[in-house]
Protein chains: 2
Amino acid sequence: MTIADTNSWRGIQAELLRRINEREWLPGSLVPSEADLAIEFGCARATVNRAMREMADAGLLDRKRKAGTRVALHPTSRVVLDIPIIRLEVEQRGAEWRYSLIESSAEPASLALTSRLGLPRDSEMLHVRSLHYADNRPFLHEDRWINLDLLPHVRSVDFSAISANEWLIQNAPYTAGDISFSAMGADAGLADLLDAPEGAALFVIDRITWDKDRPVTAVRLSYAPGYRMNTKI
Amino acid sequence: MTIADTNSWRGIQAELLRRINEREWLPGSLVPSEADLAIEFGCARATVNRAMREMADAGLLDRKRKAGTRVALHPTSRVVLDIPIIRLEVEQRGAEWRYSLIESSAEPASLALTSRLGLPRDSEMLHVRSLHYADNRPFLHEDRWINLDLLPHVRSVDFSAISANEWLIQNAPYTAGDISFSAMGADAGLADLLDAPEGAALFVIDRITWDKDRPVTAVRLSYAPGYRMNTKI
DNA sequence: CAGTGGTCTAGACCACCGC
DNA sequence: CGGTGGTCTAGACCACTGC
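Residues numbered from 1 in each chain as written. Chains lettered and ligands numbered in written order. Predicted model: local features only at pLDDT ≥ 70, side-chain atom pairs only at ≥ 80, totals over all residues. Heavy atoms only, no water.

*Asks:* Looking at this model, I keep getting lost on empty space enclosed by the protein. Mind explaining?
*Replies:* Sizing a probe to match a water molecule and rolling it over the atoms shows the empty space that remains. Residues and elements named next belong to chain B. With the rule as written, the count across this model stands at one cavity of 30 Å³ or more. Here the largest cavity defines a volume of roughly 40 Å³. Of all the secondary-structure elements, those providing two or more residues to the lining of the largest cavity are α4 (86-92), α6 (164-171) and β10 (214-223). Counted by class, the lining of the largest cavity contains six nonpolar, one polar and two charged residues. (1 Å grid on protein atoms, 1.4 Å probe; cavity = no way out; pocket = protein on both sides within 12 Å on 5 of 7 lines; lining within 4 Å. Points joined across faces, edges and corners; volume = space filled by probe spheres on them. Helix = DSSP H or I, 4+ residues; strand = E, 2+ residues; numbered from the N terminus. Nonpolar A, V, L, I, M, F, W, Y, C, P; charged D, E, K, R; others polar.)

Structure representation (structure tokens):
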């Protein structure tokens, strides 16, 4: 009974998921050791490990050496978001992408920004603001600051021909990033640009990327009203 | 040269990441086969596979049998969000969590909802609305519909003693879910509940969970203004 | 100390698919 | 056909940690 269809790691994982979902293994309870499960399923321990490691990564199992493996008490759902290049995001929605540069100029960055990035105060950064359109309707406003120390040659890039979003992804690798999602009311300027009423609720993504502790770019994406970011668990 | 610090899979992965980040391997280019890399690093092929599989999962590499492994052309950044129980989310912020039930009653669900869930029209569902507080200030409004066909005994649960959020996580397993994030202006009712001005921009999470194609629950979480959801890449 | 998970190995077979 | 990644095995050593 409860024989996995196959003794592949996927089959074993499915069986383990079933036991958790059907409350055969209760939250918080200790589950058999890898070695025991390997015997039960008639496979190598590495195969059981492969199945269980993913479940532990996903937060479904808590594993500790010597203490063994337990079914997680508070299974936090883990959501994976893919954040593509904006052009591709628009095109994947079946819309025509268009892009328009508003402003690109080197300016001293605000104290709030430089301190957040760990740069000297009054550092000069390249400030690029642009609008992305989907089928000729404003889709999002991209407000970006680029670290000129790290990318000096960015001064000569023509951001009316390629979006900063796309240029950076192709030319400025990063090793880490902070992202936050929030909602914000549109101020007068944004409302005008996005063709929305002032105060309209906008979905906002703030992102800072780093290349080994050196900041690359800080960007705020403000989506036109009605935008939804969808995914599955 | 370019010797990995160790021949552990993490060391190898770090070295591969370095080669990609430093443009030693260009986007779109073919990288050596697992077997060749195993020889180069002096380790087993499985160890190289372990390192590369994660990078492929993360979208950094494109792998195909026979065709080999290439550096991804459009590295879409993949973001992982952990969505915990609301009580824990509040407590992790160092605030005191409090909860208050607004309403819990069985009602026929709207046509929009039943069709979305694939239930017969006018199906009766349990409608639970409640407020979560952080340090006595409104934190979020939870507006939930629960499938009474799937969970008939939920009628007798006292949702003034335990939040629907927490009860469901502990008692109603699911196998899949759809999530969407958006921004919404507060209507009069929400504004009043969340102690916010009418029209204030709210961060909203809509989630539907399924247990093998049967809907479990649909919920909308409307966060009080100022909420940010943070994560790292 | 001893049991558990974390990792690595050397080898093997297979599925896929470009050639 | 043959090269590549996907997976599985049997075994091994080790790190961690509860007892």
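*Asks:* Explanation requested: the interface of chain A and chain B in the structure shown.
*Replies:* Often, the extent of an interface is quoted as the loss of accessible area on bringing the components together. Listed as interface residues are 51 residues of chain A and, on the opposing side, 51 residues of chain B. Approximately 4300 Å² of surface area, both sides summed, lies buried where chain A meets chain B, with 49% of it carried by carbon and sulfur atoms. Counting the surface chain A buries against chain B, the share from its top three residues, H74(A), F181(A) and I233(A), is 13%. E22(B) serves as the salt-bridge partner of K212(A), at 3.6 Å between the closest nitrogen and oxygen. (Contact = heavy atoms within 4.5 Å. Buried area = accessible area lost by both parts, 1.4 Å probe. Salt bridge = Lys/Arg side-chain N within 4 Å of Asp/Glu carboxyl O.)

*Asks:* Teacher, can you tell me more about the pairing of strand β11 (residues 228-232) of chain A here?
*Replies:* Here β11(A) shows a clear split, with M229(A) and T231(A) buried on one side and none of R228(A), N230(A) and K232(A) buried on the other. The sheet contact formed by β11(A) and strand β8 (residues 176-185) of chain B spans five bridges and is antiparallel. Bridged to K232(A) within β8(B) is D178(B). (Buried < 20%, exposed > 50% of the residue type's maximum accessible area, 1.4 Å probe, protein only. Pairing = 2+ DSSP bridges.)

*Asks:* Sorry if this is basic, but what is going on with the packing of helix α1 (residues 9-21) of chain B against helix α3 (residues 45-57) of chain B here?
*Replies:* The geometry of a pair of packed helices is captured by two quantities: the angle between their axes and the separation between those axes. All names here are of chain B. Contact pair α1 / α3: the axes reach a minimum separation of 8 Å and the direction vectors enclose 50 degrees. On the basis of the axis angle, α1 is oblique to α3. Between α1 and α3 the crossing geometry is right-handed. Touching W9, I12, Q13, L16, L17 and I20 of α1 are T47, R50, A51, M52, E54 and M55, all from α3. (Axes fitted to C-alpha atoms, helices over the stretch in contact; angles between N-to-C directions. Parallel < 35°, antiparallel > 145°, perpendicular 65-115°, else oblique. Left-handed = near helix turned anticlockwise from the far one by under 90°.)

*Asks:* What exactly am I supposed to notice about α6(B) here?
*Replies:* A turn of α-helix holds 3.6 residues, and therefore any two residues three or four places apart point the same way. The complete set of buried residues in α6(B) reads A164(B), N165(B), E166(B), W167(B) and L168(B). For α6(B), the elements touching its buried residues are α4, β5 (97-108), β6 (124-134), β7 (137-147), β9 (201-211) and β10 of chain B.

*Asks:* Honestly, the domain arrangement of chain A in this entry has me stumped. Any pointers?
*Replies:* On domain assignment, one finds that chain A holds domain 1 (9-71) and domain 2 (86-223). One C-alpha centre belongs to domain 1 of chain A, the other to domain 2 of chain A, and the line joining them spans 43 Å. (Domains from an automatic or database assignment.)

*Asks:* Looking at this model, I keep getting lost on the packing of aromatic side chains. Mind explaining?
*Replies:* Any aromatic ring pair is given by two values, namely how distant the centres are and how the planes are angled relative to each other. Enumeration according to the criterion identifies 17 aromatic pairs over all chains in this entry. Measuring from ring centre to ring centre gives 6.0 Å for F203(A) and F203(B), while their planes differ by 20 degrees; the resulting arrangement is stacked. Taken together, the residues span two chains, with F203(A) in strand β9 (residues 201-211) and F203(B) in strand β9. F203(B) carries the same exposure label as F203(A), and that label is buried. By way of ring pairs, the aromatic residues F139(A), F181(A), F203(A), Y223(A), Y227(A), F139(B), F181(B), F203(B), Y223(B) and Y227(B) are connected into one cluster. Here R50(B) stacks its cationic end above the ring of W9(B), 4.1 Å away from the centre of that ring. (Phe/Tyr/Trp six-rings, centres within 6.5 Å; stacked < 30°, edge-to-face > 60°. Lys NZ or Arg CZ within 6 Å of the ring centre and 35° of its normal.)

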